[in-house]
Amino acid sequence: RARSLADAQRLLAAHPGAKLLAGGHSLIPLMKLRLAMPPAVIDIGRIPELRGISRSGDTIRIGALTTHAELAASADLQTSAAALAEAAALVGDPAVRSRGTIGGNIAHADPASDLPTALVALDARIIVIGPKGTRTIAVEDFFTGIMSTALAEDEVVSEIVVPASAPGQGSAYVKFAHPASRYAVIGAAALVSMKKDQCTAARVAVGGLLPHASRARSVEKALAGKPGTAAAIEAAAAQVRADLGGHVSGDIFASADYRAAVCPVYVKRAVAAAAARAGLA
C-alpha cells in the first residue's frame with residue numbers, strides 16, 4: 001500500500017510489471033478473468049493528495065482518486081463542465097460510482113466507458129507523474145487504442161484538468177446504455193459555443209463504438225456558423241458517419257451497422273442539450 005505519490009513511485013520501481021489499484025472496478029475483474037496477472041498490486045487508494053475537486057478561475061482540477069459519485073455531485077462540474085458530471089452519474093450503479101475513480105477509469109481506457117468521451121469533448125488535460133517528473137498529456141493524445149493509453153508503466157495519473165465553460169458555452173453527455181452492465185453501446189458528448197442563436201464553435205466526441213473516444217470533426221465543422229435549430233443540428237449530427245469510417249465495433253450486443261446507424265441520434269441529442277445550455281449561460 002502506497003502512502004504517498006513518492007511511495008507509489010518507489011513501489012513501482014521495486015516491482016516491475018506491477019499494476020496500480022485505485023477503486024478496483026477495472027483491475028479486479030480483469031484479474032478474475034485471468035486477463036491480467038500482475039506480479040504485484042500496488043494500492044494507491046489512500047493517497048490523500050490524489051483526491052478532491054477544486055476550481056481556480058477558468059480551470060477545474062480533479063484528483064485522480066475522485067470517485068464517480070463525487071464527480072456527479074460536484075456543483076462546479078454541474079455548472080461549468082456538465083458533460084463530465086452527467087457522464088459520471090451514468091456510470092454503472094451506485095456501488096460502482098461510490099468506489100470507482102476517474103484516474104482508474106481513464107487509465108483502464110475501456111472503449112465503452114463514459115468519462116473518456118466527455119473529457120475529449122471538454123478538451124481536458126491529463127497530468128501524470130513518473131521517475132522523470134511531471135508531464136501534461138492532451139486528452140486526445142492520451143487515449144491510443146482499445147484499453148491502451150500514452151501512460152508509461154512507471155507513471156501515475158495524478159489529476160485531470162478541465163477548462164470551465166465560458167459564458168455562451170454549454171456541454172452535455174448522453175448514451176445508449178447496455179441495460180445490464182450500463183456500459184455505453186454508444187456515447188456522445190458535446191461542448192457548444194453559441195452567440196445570438198448561432199453556433200460559433202463546437203467540440204463533439206463519440207465513444208462506445210470506436211477503439212477509443214474520438215472527436216467527430218465532421219460534425220463540428222457542420223455546426224460552425226449554423227443556427228441552433230433542430231434541423232441544423234440534425235443535419236450536422238448526420239455527418240458523424242464520416243468520422244466513424246470503417247472502425248466501428250460490433251459485438252453480441254449491437255452490430256457495427258446498428259451502432260453506425262444509431263450514432264447520429266445520440267450525437268444530435270448531445271449537441272441539442274449542449275446548445276440549449278449555452279443559450280442559457
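Residues numbered from 1 in each chain as written. Predicted model: local features only at pLDDT ≥ 70, side-chain atom pairs only at ≥ 80, totals over all residues. Heavy atoms only, no water.

> Honestly, the sheet that holds strand β11 (residues 184-195) in this entry has me stumped. Any pointers?
Neighbouring strands of a sheet are bound in pairs by backbone hydrogen bonds; such pairs are parallel or else antiparallel. Taken in spatial order, the four strands make up an open sheet running β10-β11-β12-β13, and their pairing is antiparallel. With one partner strand each, in any of the chains shown, β10 (169-177) and β13 (214-215) form the two edges of the open sheet. As defined by bridge partners, β10 adjoins β11 across nine bridges and the pair is classed as antiparallel. When the bridges of β11 are listed, Lys-175 appears paired with Gly-187. (Pairing = 2+ DSSP bridges. Helix = DSSP H or I, 4+ residues; strand = E, 2+ residues; numbered from the N terminus.)

> Please explain the sheet that holds strand β6 (residues 133-138) as it appears in this structure.
In spatial order, the strands read β3-β4-β9-β5-β6; together these five strands make up an open sheet with antiparallel pairing. Of all strands in the sheet, those bounded by a partner on one side alone are β3 (53-56) and β6. Averaged over all adjacent pairs, the angle separating strand axes in this sheet is 25°, with direction ignored. When strand β5 (residues 125-130) meets β6, the two strands line up antiparallel, connected through six bridges. Of the residues in β6, the one forming a bridge with Gly-130 is Gly-133. Against the sheet, helix α1 (residues 5-14) touches β5 and β9 (156-163), its axis set at about 130° to β9. (Axes fitted to C-alpha atoms, helices over the stretch in contact; angles between N-to-C directions. Contact = heavy atoms within 4.5 Å.)

> Which parts of the structure should I look at to understand the pairing of β5?
The side chains of a regular strand alternate, first on one face of the sheet and then on the other. Counting buried positions along β5 yields five of six residues, so the element is predominantly enclosed. Between the antiparallel neighbours β5 and β6 lie two residues. Looking at chain direction, β5 and β9 are connected through five bridges and run antiparallel. Paired with Ile-129 across the strands is Val-156, a residue of β9. (Buried < 20%, exposed > 50% of the residue type's maximum accessible area, 1.4 Å probe, protein only.)

> Is there a simple way to think about the pattern of salt bridges in this case?
Taken as a whole, this structure holds 12 salt bridges when the rule is applied. One salt bridge connects Asp-114 with Lys-175, and the closest N-O pair in it is separated by 3.0 Å. Taken together, the positions of Asp-114 in the loop between α7 (102-108) and α8 (115-121) and Lys-175 in strand β10 put the pair 61 residues apart, joining distant regions of the chain. Among the salt bridges present, the one from Arg-217 reaches Glu-140, with a minimum N-O distance of 2.8 Å. With Arg-217 in helix α10 (residues 217-223) and Glu-140 in helix α9 (residues 139-142), the pair connects residues that are 77 residues apart, well separated along the chain. Within the structure, one salt-bridge network assembled from shared partners comprises Asp-123, Glu-140, Arg-203, Arg-215, Arg-217 and Glu-220. (Salt bridge = Lys/Arg side-chain N within 4 Å of Asp/Glu carboxyl O.)

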